[in-house]
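# Tertiary structure, described
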Amino acid sequence: MNKLFLSLIILLSAQICTAQDSINSIIPADLFFEHSLKSDFKIAPGGDYFAEIYLNNGTTELVIIDINDRKVLHQIPLAKGTIDDLYWVNDERLIFESEGRIFIIDRDGKNTRMLVGHIDFQEKSKGSAYSKFKYNHVVNLLPGNKDEILVETFNYKGFANIEKVNLFTGEKTIVADGTESEINIWILDSHGKVRLGARKEDSGIEFFEINQVTGDVRPFTIHIGDKAYSVDIKGETVMNQEYTFFRKISADDKLFLGSTANSDTRKLISYDLRTRNVETIIADQNYDAGDFFGSDLEIYTSPDTGELAGIKFEGITPYYKWFDKSLEQGHQELMEQFPAYFHDIIDTDVAKKRFVVHQWNERKSGNIVVFDLADTTYTPITFLNEDLDTYQLTKVRSISFTTRDGERVSGYLNIPSQNNSKNLPLVVIPHGGPWARDYFELDGFSQFFANRGYATLRINFRGSTGFGKKFLKAGISAINTVMIDDIADGVSWTIDKYPIDAAEVYLFGHSYGGYAAYMSLMKYPQLYNSAVALSAPTDIKSWMKELKNDEEGFSYEFWNAALGDKNSNFLKQMSPVYLAQNINKPLMIVHGRFDPVVPLEHAENMYEELKKEDKDATLRVIEGVGHSLEDSKSMGYILEQAKEFFTENSKNSEGASNSESY
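Since the model is a prediction, treat every value here as computed from it, not as a measurement. Once a new chain begins, its residue numbering starts again from 1 and follows that chain's sequence as written. pLDDT decides what is reported in this predicted model: residues at 70 or higher carry local features, side-chain atom pairs at 80 or more are listed and counted, and totals for whole chains, interfaces and linings draw on all residues regardless. Where side-chain values are given, they derive from all heavy atoms of the structure, hydrogens and water being excluded.

### A word on the packing of helix α6 (residues 482-497) against helix α7 (residues 512-523)
- For helices, the fitted line uses only the C-alpha atoms of the stretch in contact; every axis is such a line through C-alpha atoms, and the angle between N-to-C directions lies from 0 to 180 degrees. Numbering goes from the N terminus for both helices and strands, where a helix is a DSSP run of H or I of at least four residues and a strand is a run of E of at least two. Relative orientation of the contacting elements α6 and α7 amounts to 75°, with a least axis distance of 10 Å. As far as their axial angle goes, α7 and α6 are roughly perpendicular. Of the residues in α7, those touching α6 at Met483, Ile484, Asp485 and Ile487 are Tyr512, Ala516, Met519, Ser520 and Lys523.
- Tallied by class, the residues present in the contact of α6 with α7 amount to six nonpolar, one polar and two charged. Roughly parallel refers to an angle under 35 degrees, roughly antiparallel to one over 145, roughly perpendicular to one between 65 and 115, and oblique to any angle outside these ranges. A contact between two residues is defined here by any heavy atoms of the two lying within 4.5 Å. Charged means Asp, Glu, Lys or Arg here, nonpolar means Ala, Val, Leu, Ile, Met, Phe, Trp, Tyr, Cys or Pro, and polar covers whatever is left, Gly included.

See below:
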């Protein structure tokens, strides 16, 4: 076992240091979507040991590695079931969560026992057995308390308590009671002090503050200047909200907020809960520090002080800013040693001398390594997708262009490696959402088609998140107009600037991206050859009605605001199923049998309407998957079918230069 670990270190070091591309050939389609068998990478508080969860031939194992000696100490089979999270309590003991239960285990695998179960035997309800069920997860390890941890416990109604649990006796003490106050989740500062509570309502999320003396809760507001602001999240107002709570509080009473007050882009600010003092942490004139849900932003707090240590947010590429000198120094050392990679710090020891780092770029899924700040040594631990990383993938080019009405829009372009063709076919891949965005990353769709000889284009059209509120709001009431126009303008720009065959431009989109494929074929038939639409909504009118009838209050109000017009005829005019007669290019429709987001009827009804109009349409229903089509084998099949479909419809009988039959 230790020889194998040493071999892995040598192999990883060679690949990172030389950044070599060992294989330039056809890559199996499913390989782009393989999930790593290893997860939950954690370093012990003292920095000498590393732990990970490994799914080994169906058995879940806890692997313990001695970092100093670079050897595997223990490979411990765990109880059956999914492991949801892993923590070091100290250098000798660990905690792992599994399906709502919490277990404690010695580093060598001995003395394993369930610390918190998911059956509440003290529940006196006379209802069903289900009423005794509870779900638990660790919320704070209380580093200054060697005997206890904090656990959040959800009852069958979804209300949460914070309980202090003794690691030796299992004794529990309620710290915050959410049953009486109907709190669904508690928000603690980084030292484990309960500060706020959140209640999920049909219309969104409401925040409450807790009185530290009485334990009572009251609606939470922030006070800036002479005004009070709510940070509640409501579907109809979330895109216009001036202050967004990112649900993180440091040990020094700093609450982190996104703010668009007096700014087009979202700033990250801190708000002192005691003094109400506001400080700007980061403000970028081009990019948002997190979106209106708090995504695309990571806030790091120091393991020793609990104060703000650093942030990461998404621009054209990831951007890091550090406030902790040790983390800043470590990150800088890694950037200097391995400038071709991004370095995400995912865990540190207490002294901040050793860091667990995910190294990656747009061509490599990446590695997990341990970096030692004291001597700048580097210990590779594991690949995340070893098989894929042996192949040569294409570089991602960041692009930007000006639309017909003068807006600057950005995106990402992949050109096939070692391709000298002057007439490349192009696959346009609109992102889903549409209130989302594309990233500088290893994108499986793009790399698959690039590997088959296609250039690929991903565009952050107006309405995408991350580029300021003006850019975001330009997408309101425009999912079938401005967004589609921006995609078309990006395609035209790419054809003008790169060696693209204008007769060989294809569309491949998932969710909203599939909807964009439908609408693009209708609005710009001269621009596109054919399209593949995955998991795409086709009847916006009926979909909105379903949201309303299903009492999906937040989703309904969000989309009501995002669509911008509640008129029934307006919703029909943006629904592809009512416009099937306008599609005059070949179309493949793909949908998961068990899609809970966009029901299968959307695909089936669209296909029926297309066949009534005698259109060139194909329907593929994928069994056993939902909206995300998440199974790698299924996704591999879909991509190969799409490639074959594009080849069949190519004006060039040979299709893409790197084409093969499967």
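From this point, things continue past the structure.
### Points about the packing of helix α8 (residues 540-549) against helix α9 (residues 553-563)
- Taken N-terminus to C-terminus, the directions of α8 and α9 make an angle of 145°; their axes are 8 Å apart at the nearest point. For the element pair α8 and α9, the recorded crossing hand is left-handed. On the side of α8, the interface is formed by Ile540, Trp543, Met544, Leu547 and Lys548, while α9 contributes Ser555, Tyr556, Trp559, Asn560 and Leu563.
- The residue makeup of the contact of α8 with α9, split by class, is seven nonpolar, two polar and one charged. If you view the pair so one helix is near and one far, a crossing is left-handed when the near helix is turned anticlockwise from the far one by less than a right angle, and right-handed when it is turned clockwise.

### Re the sheet that holds strand β24 (residues 297-301)
- The pairing criterion is simple: DSSP has to find at least two bridges between the two strands. Taken together, three strands build an open sheet; the order of strands is β24-β25-β26 and the sheet is antiparallel. Strands with a single pairing partner mark the edges of an open sheet, and in this sheet they are β24 and β26 (318-322). Geometrically, the sheet is characterised by an average inter-axis angle of 15° between neighbouring strands, direction not taken into account.
- Pairing geometry for strand β25 (residues 308-314) and β26, over five bridges, is antiparallel. Bridge pairing in β26 places Phe313 opposite Tyr319.

### Here we look at the side chain of Thr265
- Here Thr265 lies in the loop between β21 (254-259) and β22 (267-272).
- One polar contact links the side chain of Thr265 to the main-chain carbonyl oxygen of Asp284, over a distance of 2.5 Å.
- Each residue touching Thr265, except ones within four places of it in the same chain, is listed here: Ser259, Thr260, Asp284, Gln285, Asn286, Tyr287, Asp288 and Gly468. Residues adjacent in sequence count toward polar contacts only when both atoms are side-chain atoms; beyond that, a polar contact is any pair of N or O atoms within 3.5 Å, and within protein one must be able to donate a hydrogen and the other to accept it.

### Describing the pattern of salt bridges
- Any carboxyl oxygen of Asp or Glu within 4 Å of a side-chain nitrogen of Lys or Arg constitutes a salt bridge here. Using the criterion set out here, one finds 27 salt bridges in the structure.
- With its nearest N and O atoms 2.9 Å apart, the salt bridge here joins Glu640 to Arg452. Linking Glu640 in helix α12 (residues 632-648) with Arg452 in the loop between α4 (444-451) and β34 (455-460), this pair joins segments that are 188 residues apart in sequence. Of the two residues, Glu640 and Arg452, neither departs from the other in class, the shared state being buried.
- Connected through shared salt-bridge partners, Asp189, Arg195, Asp253, Asp272 and Arg274 make up one network. Note on classification: 1.4 Å probe, protein chains only; a residue is buried when its accessible area is under 20% of the maximum for its type, exposed when over 50%, partly exposed between these limits.

### Section: the pairing of strand β20 (residues 243-249)
- The buried fraction of β20 amounts to five of the seven residues, a majority that puts the element mostly inside the structure.
- In this structure, β20 lies alongside β21, joined through four bridges in antiparallel fashion. Looking at β21, one finds that Ile249 is bridged to Leu255.
- The turn linking β20 back onto β21 is made up of four residues, and Asp253 within it adopts a positive phi angle of 70°.

Taken by themselves, the reported measurements are silent on function.
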